[in-house]
Amino acid sequence: MQDRTPATAFAPFNVTLRDGREVLVREIGDYDKAGLLVAFNRLSADARYTRFMAAMRQLPEAMLEQATHPSPEREFALVAIATENDTRTIVGGARYAAAPGSDLCEFAVTVSDNWHGLGLASELMRGLVDVATRRGYRHMEGYVLSSNTSMRRLAKHLGFADTPCPDDATLRVVTLTLQSGEQ
Ligand SMILES: CC(C)(COP(=O)(O)OP(=O)(O)OC[C@H]1O[C@@H](n2cnc3c(N)ncnc32)[C@H](O)[C@@H]1OP(=O)(O)O)[C@@H](O)C(=O)NCCC(=O)NCCS
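Everything numeric here is computed off the predicted structure, so don't read it as measured data. (Residues numbered from 1 in each chain as written. Predicted model: local features only at pLDDT ≥ 70, side-chain atom pairs only at ≥ 80, totals over all residues. Heavy atoms only, no water.)

## Some details on the site of the ligand
Around the ligand, the structure places 21 residues, and the nearest of them are Gly-117, Gly-119, Ser-122, Ser-150 and Arg-153. One of the backbone nitrogen or oxygen atoms of Val-109 is found 2.8 Å away from a nitrogen atom of the ligand. Between Asn-148 and the ligand, the recorded distance is 2.8 Å, taken from a side-chain N or O atom to an oxygen atom. Look at the ligand: alone it shows 950 Å² of surface, and the protein chains cover 79% of it. Of all the secondary structure elements, the ones that give two or more residues to the shell around the ligand are α2 (45–52), β5 (104–111), α4 (120–134) and α5 (149–157). Looking at which element gives the most residues to the shell around the ligand, the answer is α5, with five residues. (Near = heavy atom within 4 Å. Polar contact = N/O pair within 3.5 Å; in protein donor to acceptor, adjacent residues only side chain to side chain. Areas by Shrake-Rupley, 256 points an atom, 1.4 Å probe, with all protein chains shown as cover. Helix = DSSP H or I, 4+ residues; strand = E, 2+ residues; numbered from the N terminus.)

The structure is reproduced here in structure tokens:
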């Protein structure tokens, strides 16, 4: 499904956050394994639960491997890197994945707790939506805990529709129709 031509390549970009700090947003790579593990270990239990919808004390090696090796055919992932005192830290990430042949992709986004409320998830989501659109997806969706007001507000600002999840009253489904510009 995913159209990967030079025209759909992702160009890294810098973001100035609401508090003036800068981060680099770029595609994830194999070299991010250690940094991603550090970022996961720093997440609060609450943030882990709202992201994975399960109590996650550790990030299993298989998940770390998968996270840093998105399938070129149907997945894409971004990380946000902050550089402070010459140390680079992963402070956020966003990804989508699609079933083979589908024009619908499912997103997930996480920002480190002490970087919340600065607009970082909004920027990561804009990058993700842009790539998914250029790579031919028509719809993006996400499953969000009903209690996750921050994510639901963010999705609303980005134009996602927010509807009940038919199978689970504790969840909402947020959905965006991707506009290719050729329509
Ligand atoms: C949900 C999450 C990703 C938000 O990250 P963030 O970087 O703080 O998000 P942003 O700063 O871009 O947006 C946060 C706030 O700005 C608001 N906002 C975003 N764009 C806005 C706009 N254009 N105008 C006004 N407000 C806006 C959002 O509604 C949100 O409000 P709130 O947090 O005060 O309720 C973060 O809290 C997180 O990582 N949580 C744990 C993991 C998780 O729940 N992931 C979602 C499930 S996949």
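## Topic: the sheet that holds strand β6 (residues 139–145)
With mixed pairing, eight strands are arranged side by side in an open sheet as β1-β2-β3-β4-β5-β6-β8-β7. In the strand order of this sheet, the two ends are held by β1 (13–16) and β7 (161–165), each with one partner. Shown here is a sheet whose adjacent strand axes are inclined to one another by a mean of 30 degrees, direction ignored. Against the sheet, α5 engages β5, β6, β7 and β8 (168–177), with an angle of about 160 degrees to β6. (Pairing = 2+ DSSP bridges. Axes fitted to C-alpha atoms, helices over the stretch in contact; angles between N-to-C directions. Contact = heavy atoms within 4.5 Å.)

## Side note on helix α1 (residues 33–42)
For α1, every residue scored as buried is listed here: Leu-36, Ala-39 and Phe-40. For α1, the buried positions fall inside an angular range of 100 degrees around the axis, keeping them on one side. Seen from the buried face of α1, the exposed residues on the opposite side, beyond 90 degrees, are Ala-34 and Arg-42. The inward-facing, buried residues of α1 contact α2, α3 (61–68) and β4 (87–98). (Buried < 20%, exposed > 50% of the residue type's maximum accessible area, 1.4 Å probe, protein only. Arc of directions from axis to C-beta.)

## Some words on the pairing of β8
Pairing analysis gives seven bridges linking β6 to β8, with the strands arranged antiparallel. Bridged to Leu-145 within β8 is Leu-171. Following β7, the chain reverses through two residues before pairing antiparallel with β8.

## Here we look at the nonpolar core
If you look at the biggest cluster of nonpolar residues, it comprises 38 residues, and the most contacted ones within it are Val-23, Tyr-96, Phe-107, Leu-124, Leu-128, Met-140 and Phe-160. Only β2 (22–27), β3 (75–84), β4, β5, α4, β6, α5 and β8 provide two or more residues apiece to this core. The element that contributes the greatest number of residues to this core is α4, accounting for eight residues. Ile-28, Leu-36, Ala-39 and Ala-77 belong to the second largest nonpolar core, which has 12 residues in total. (Core = buried A, V, L, I, M, F, W, Y, C linked by side-chain atoms within 4.5 Å.)

## Points about the pairing of β5
Within β5, six of the eight residues are buried, which leaves the element mostly enclosed by the surrounding structure. With seven bridges joining them, β4 and β5 adopt antiparallel strand pairing. Along β5, the bridge assignment pairs Arg-95 with Ala-108. Between the antiparallel neighbours β4 and β5 lie five residues, among them Gly-101 with a positive phi of about 80 degrees. Examined bridge by bridge, β5 and β6 share three bridges and lie parallel to one another. Its bridge partner being in β6, Leu-104 is matched across the sheet by His-139. Handedness of the crossover joining β5 and β6 through α4 is recorded here as right-handed. (Right-handed = clockwise from strand over helix to strand, strands pointing away.)

Any functional reading would require information that these geometric values do not contain.
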